[in-house]
Amino acid sequence: MNRLRLDGLQGFVALGVLFASSASAGQCTDWAPGFGRRGSDGSATAIFIDESGPGPRLIVGGTFTEIGGAPIDGIAAYDGTSWAQIGPPLAGSPTAFAMYDLGGGPELYVAIPAGTGPALWRLNNGQWVDLGVSASSVRAMEVYDDGTGPALYVGGFNINAPGVPSGALLRYDGAWTNVEGAAPQPGVRVSSLSVHDDGFGDALYIGGRFLAFGPLHNEDLVRLSGSTLEPVTNPGPSPSAGNASNGIRAMVSARRGAASVLHICLNLPAQGGGADDYWFFSGPTSWVSAGYADGIDKFAIQRRPGGADVVWGVGEHALYAFTGTVQGRIGKPWYSGLFNSVAVFPSASGDEIWVAAQGATNAIGQAVQRWDGAVLTPAGPGPVFSDIVHSMCVHDFGEGDELVLLPFDSQWRFSHFNGDEVRRAAFPEVGGSGFPEFYSAASHDGDLYAGTSAWFGEGPAVARFDGSAWTFLGSGLAGTSGEYVLDMISADLGSGPELFIAVSYTHLTLPTICS
């Protein structure tokens, strides 16, 4: 039975005043620890593994001033237990990290392109040293030995360094050299660098969008063998065949048995549409298509002794894993997040996959996430809750009272917390047409009820969970698109338990009773 009661609305107002009076008599002055914002308070734009010390560290850069519950500004290190600040704060968003030994021991390098401002820094004795570089963008850094000793290669667009022409790929060993030569062509962009053994020894593979690169022309993938730039020949099917590629988007070298394979993702003008953007390159004459991967931007390698490496990749909308020739889309950012980078962190308990994400305002706190094999969870201590929780109530699922939360995120529709752990579950699709979004919840007569927004033109609706399955009850409530079940509460006003539902109608919100 559904009906409207104006006196029910008055009852709600009186109840709120009563609670306020009770609270003033004995207020709670402290919040319990562990329930603050989890993750970071800003976006994460780059992620890197530092294995130069006694133990590995996860390096994360971004726009945050807090991460994992610690006050950290811009660049953070995670040792598997806690987070720490790296160097004094730097202005801007890091785009790439590298570890390079100039002769006095390994040092961390970070790229923060800022137009005419400093774009490349080196950490020396805990302080950042400006290397005098400016750049429109820095997309990749890689250490490669061309036969004269290891050097740091910096790739991007319009990179300016002391004493050399502006270009897309510069070499640094204490002094700067433009790899393209004395007269680099304008418009060249380097997006990815990878040291790869193609059967003739290590070479530095350079991917991007080139009209001309040094002495080469119309090549988007070249190799630096020693100090010589060489084209990568494509005698058979290649990434450019029929794909109208805008160049190389990302690449990485991985082991497959005794050989190494270069994983390459193209930058297609329009992603999808049946075009292949993911390719394997195992030698000067061997290209194999691996299908479509939604525009991967960054790769990371998970080494597996005696077997094929696992290649992890992130695009704007997903996390992928590649083993051999198999690819699988296994995760996606929390609400409105865009993935920027990925890293494999060798923790004491095993390899962990970490991603850096760009969060919208309502996804802040979820910029640094860890894949545990089942779900992505934000970094830091405490229960895993979405940053936006529409409603909560107390319900007994059969093991005692638990706190039920209705988060607003793309993976889960309700969570319940028993005091020790958070359990999360996806709400089933309605009629195979997707997931509704919930705004309210209440425990009523042994079942859990949740209120949603207008669903397929039916108006606001309610779903019921009986302990084993959800049942969509349909609408039965007046209202149209854009209206919601904003709140609900179970109460006994003298005639037995009734569920009061507040719906946002166009002009007036009135409680509805379901008994």
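Residues numbered from 1 in each chain as written. Predicted model: local features only at pLDDT ≥ 70, side-chain atom pairs only at ≥ 80, totals over all residues. Heavy atoms only, no water.

(A) Quick peek at the sheet that holds strand 4 (residues 75-78). Taken together, four strands build an open sheet; the order of strands is 2-3-4-5 and the sheet is antiparallel. Two strands bound the open sheet, and with one partner strand each, they are strand 2 (44-50) and strand 5 (83-85). Direction aside, neighbouring strands of the sheet carry axes that sit 25° apart on average. Note: strand 3 (residues 57-62) against strand 4, four bridges, orientation antiparallel. (Pairing = 2+ DSSP bridges. Helix = DSSP H or I, 4+ residues; strand = E, 2+ residues; numbered from the N terminus. Axes fitted to C-alpha atoms, helices over the stretch in contact; angles between N-to-C directions.)

(B) Broad picture of the layout of surface pockets. Reported here for the largest pocket is a volume of approximately 1300 Å³. Along its surface, the largest pocket is lined by 45 residues, and F48, E142, V252, F299 and A300 are the ones closest to its centre. Among the elements of the structure, strand 2, strand 6 (96-101), strand 10 (134-145), strand 14 (189-197), strand 20 (248-256), strand 24 (298-302) and strand 28 (338-347) are those that each provide at least two residues to the lining of the largest pocket. For the lining of the largest pocket, a count of residues per class yields 25 nonpolar, nine polar and eleven charged. (1 Å grid on protein atoms, 1.4 Å probe; cavity = no way out; pocket = protein on both sides within 12 Å on 5 of 7 lines; lining within 4 Å. Points joined across faces, edges and corners; volume = space filled by probe spheres on them. Nonpolar A, V, L, I, M, F, W, Y, C, P; charged D, E, K, R; others polar.)

(C) Structural context of the pairing of strand 15 (residues 202-209). Across the eight residues of strand 15, six count as buried, placing the element largely inside the fold. Where strand 14 meets strand 15, eight bridges bridge the pair, whose relative direction is antiparallel. Residue D197 lies in a different strand from strand 15, and its bridge partner there is D202. The hairpin formed by strand 14 and strand 15 contains four residues between the paired strands, and G199 there has a positive phi angle of roughly 105°. As paired strands, strand 15 and strand 18 (residues 221-225) are joined by four bridges and run antiparallel to one another. By the bridge assignment, G207 is partnered in strand 18 with L221. (Buried < 20%, exposed > 50% of the residue type's maximum accessible area, 1.4 Å probe, protein only.)

(D) Looking closely at the nonpolar core. Ranked by internal contacts, the top residues of the largest apolar core, which has 38 residues, are M141, Y153, W176, I206 and F213. Elements supplying a minimum of two residues to this core: strand 6, strand 7 (106-111), strand 10, strand 11 (150-160), strand 12 (167-172), strand 14, strand 15 and strand 18. Dropping the residues within four chain positions of it, Y153 is found in contact with A140, M141, E142, Y144, D146, L169, L170, R171, V179, L193, L204 and L224. I67, I72, W83 and A343 belong to the second largest nonpolar core, which has 17 residues in total. (Core = buried A, V, L, I, M, F, W, Y, C linked by side-chain atoms within 4.5 Å. Contact = heavy atoms within 4.5 Å.)

(E) Structural view of the side chain of K298. Note that K298 resides in strand 24. At 7.7 Å, D297 is the nearest oppositely charged side chain to K298, a buried residue that forms no salt bridge. A distance of 2.8 Å separates a polar atom in the side chain of K298 from the backbone oxygen of R139. In this structure K298 touches T95, R139, A250, W312, G313, V314, N340, S341 and V342, once residues within four positions along its chain are discounted. (Lys, Arg positive; Asp, Glu negative; His and termini not counted. Salt bridge = Lys/Arg side-chain N within 4 Å of Asp/Glu carboxyl O. Polar contact = N/O pair within 3.5 Å; in protein donor to acceptor, adjacent residues only side chain to side chain.)

(F) Fine view of the pairing of strand 8 (residues 120-124). Most of strand 8 sits out of view: four of its five residues are buried. For strand 7 and strand 8, the ladder comprises three bridges, and the chain directions are antiparallel. Within the sheet, the bridge partner assigned to V110 lies in strand 8 and is W121. In this sheet, strand 9 (residues 127-130) lies alongside strand 8 in antiparallel orientation, the contact comprising four bridges. Paired with W121 across the two strands is D130, which belongs to strand 9. Between strand 8 and strand 9, which pair antiparallel in sequence order, lie two residues; one of them, N125, sits at a positive phi of approximately 55°.

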